[in-house]
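One-letter residues, chain by chain:
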Amino acid sequence: MEEITYDKTYRKHTLIRVLEITSLTILVLAGVASAAPFAYVTNLGNYSNDTNYNGAIPTPSVAVIDTATNNITARVPLGDGWPVGVAVNPEGTKLYVASATIDDVCIVYVIDTAANTVNTKVNIRSSYPSGITFNPAGTRVYVTKQRDNTDISVINPATNTLMAPIIVGPSTYDIAFTPDGKKIYAANSHNNTIYIIDAATNKVTANIPVGDSPYEVVVTPDGKKVYVPNYNSSTVSVIDTATDNVTATVPVGDSPHRVAVTSDGNKVYVANNDTVSVIDTATDTVIATVPVGAFSREIVISPDGSKVYLGNLYNNSVTVINTKTNTVTARVPVGEWPMGIAVTPDGTKVYVANAESDNVSVIDTATDTVIATVNAGIYPTGVVIVPFMDSNMSAQSTEAVSNATEDT
């Protein structure tokens with residue numbers, strides 16, 4: 001690829017590509033409550049020969065923010081490429097960052113969170129990653145891929161070596177585990193199917209037809225249901241995990257692409273193009289439609305389940321929804337093009353990565369106002385908190401982020 005200097009136009013073109021592929025891993029971490037929380041922010045960098053840009057590392061990197069002080073404590077260079085997903089082991093001691101290089105080779109960087117340095121690099125070889133996640137036990141790392149790739153790479157984190165891949169359909173964007181870790185549900189956007197994988201053997205046992213262009217999948221905390229937003233069908237498919245059959249197809253808003261389930265499993269929030277559909281999991285019907293900003297990128301729920309935070313890419317804001325009334329209680333102005341969102345384990349702060357502004361907004365959840373702006377790096381697109389608590393899922397991982405379509 002010809003070297004491209006850093007400017008605003010290129011950054012927007014780069015972000016459009018990232019919108020196709022970025023998947024921010026979501027993980028529930030247990031047993032690490034005593035650890036000090038840090039926000040890890042992935043930055044695309046500027047791909048130029050500059051040695052410095054506003055005090056930030058110009059190449060792709062991960063910035064580490066101390067959530068107590070909102071100061072940058074470290075910057076971890078990653079080398080060339082686009083970091084598209086982050087997975088955290090259950091102990092919170094290692095981060096696995098999947099990065100697509102300019103030569104379409106996937107490199108997984110392993111970061112030691114104690115030293116904040118890269119201690120290992122795993123070459124996935126020719127592929128274009130869409131996401132990365134740990135299994136609930138922390139014994140396997142899975143890298144999903146888009147385009148024509150027909151496999152999911154599996155890494156043994158004990159040795160950081162590749163295991164036998166899982167053969168699936170082309171362009172599998174996202175996976176989710178049942179809480180017991182026994183089954184994996186993988187969303188295949190090209191074949192419009194959900195692959196069911198035996199996690200013990202990593203073999204596909206069945207596939208389920210769903211709607212058009214499924215890009216994300218989420219399992220309820222009790223492990224009984226799977227919800228799949230179908231981007232081009234404007235529906236959500238509901239799968240019964242006992243029978244692995246689609247039991248309902250729920251009409252929602254235009255272009256659903258992000259989904260989150262409350263910790264009690266009673267409601268599913270679906271981010272559409274400019275609305276949020278609220279599904280009652282008891283009846284699998286939409287009980288509310290909430291108007292929000294244009295092109296929402298991330299949807300997260302506070303640990304206590306009382307609020308939904310939704311990043312609106314084109315409105316440069318975060319919409320706050322009260323889950324009891326399903327009404328908008330605040331619209332918080334943040335930086336340009338908010339993409340990644342994460343909530344601290346105690347639920348007191350929300351961190352928002354603003355790609356076009358090269359910074360991270362910190363929202364105080366008591367007042368729903370921005371209390372700090374951190375210059376995290378160049379083109380930050382994702383953020384994860386370590387130790388992390390994600391009220392969207394229970395003992396499972398991914399999606400992060402989810403994805404728009406390849407035609408975005």
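Structural notes, computed from the coordinates. (Residues numbered from 1 in each chain as written. Predicted model: local features only at pLDDT ≥ 70, side-chain atom pairs only at ≥ 80, totals over all residues. Heavy atoms only, no water.)

Some details on the sheet that holds strand β5 (residues 94-100)
Taken together, the 4 strands give an open sheet; going across it, the order is β4-β5-β6-β7, and neighbouring strands pair in antiparallel fashion. Sheet topology places β4 (82-88) and β7 (117-126) at the edges, where each strand pairs with a single neighbour. When strand polarity is set aside, the average angle formed by the axes of neighbouring strands in this sheet is 20°. (Pairing = 2+ DSSP bridges. Helix = DSSP H or I, 4+ residues; strand = E, 2+ residues; numbered from the N terminus. Axes fitted to C-alpha atoms, helices over the stretch in contact; angles between N-to-C directions.)

A few points about the environment of Ile155
On the secondary structure map, Ile155 appears in strand β10 (residues 151-156). In this structure, Ile155 is in contact with Val108, Val122, Ile124, Thr139, Arg140, Val141, Val143, Asn160, Thr161, Leu162 and Met163, ignoring residues within four places of it in sequence. (Contact = heavy atoms within 4.5 Å.)

Side note on the sheet that holds strand β30 (residues 349-354)
Read across the sheet, 4 strands follow the order β29-β30-β31-β32 without closing on themselves; strand pairing throughout is antiparallel. Looking at the sheet topology across the chains shown, the edges are occupied by β29 (338-343) and β32 (369-374). Strand-to-strand twist of the sheet, defined as the mean angle between neighbouring strand axes without regard to direction, takes the value 25°. Direction of pairing for strand β31 (residues 359-364) relative to β32: antiparallel, over a ladder of 5 bridges. Looking across to β32, one finds that Val360 is bridged to Val374.

Brief notes about unusual backbone geometry
The bulk of non-glycine residues show a negative phi, and the bulk of peptide bonds are trans. Of note, the phi angle at Asn202 is positive, near 60°, even though the residue is not glycine. With respect to the helices and strands, the residue Asn202 is situated in the loop between β15 (193-198) and β16 (203-209). On the accessibility criterion, Asn202 (11% relative accessible area) is buried. Phi angles above zero are rare outside glycine, and Asp284 is one such case at about 50°. (Buried < 20%, exposed > 50% of the residue type's maximum accessible area, 1.4 Å probe, protein only.)

A few points about the packing of aromatic side chains
As enumerated under the stated definition, the model contains 5 aromatic pairs in all. Where Tyr96 meets Phe134, the ring centres are 5.3 Å apart and the plane angle is 85°; that geometry is what we call edge-to-face. Linking Tyr96 in strand β5 with Phe134 in strand β8 (residues 129-134), this pair joins segments that are 38 residues apart in sequence. Given the relative accessible area of 0%, Phe134 is considered buried. Feature note: the residues Tyr173, Tyr215 and Tyr231 constitute an aromatic cluster, connected by ring pairs. For the cation-ring pair, Arg147 lies above Tyr128, with the distance from its terminal atom to the ring centre recorded as 4.1 Å. (Phe/Tyr/Trp six-rings, centres within 6.5 Å; stacked < 30°, edge-to-face > 60°. Lys NZ or Arg CZ within 6 Å of the ring centre and 35° of its normal.)

Digging into the environment of Val62
Turning to its location among the elements, Val62 is positioned in strand β2 (residues 61-66). With a relative accessible area of 1%, Val62 lands in the buried category. Ignoring sequence-local partners within four residues, the contact set of Val62 consists of Tyr40, Val41, Thr42, Asn43, Ala74, Arg75, Val76, Leu78, Val97 and Ile111.

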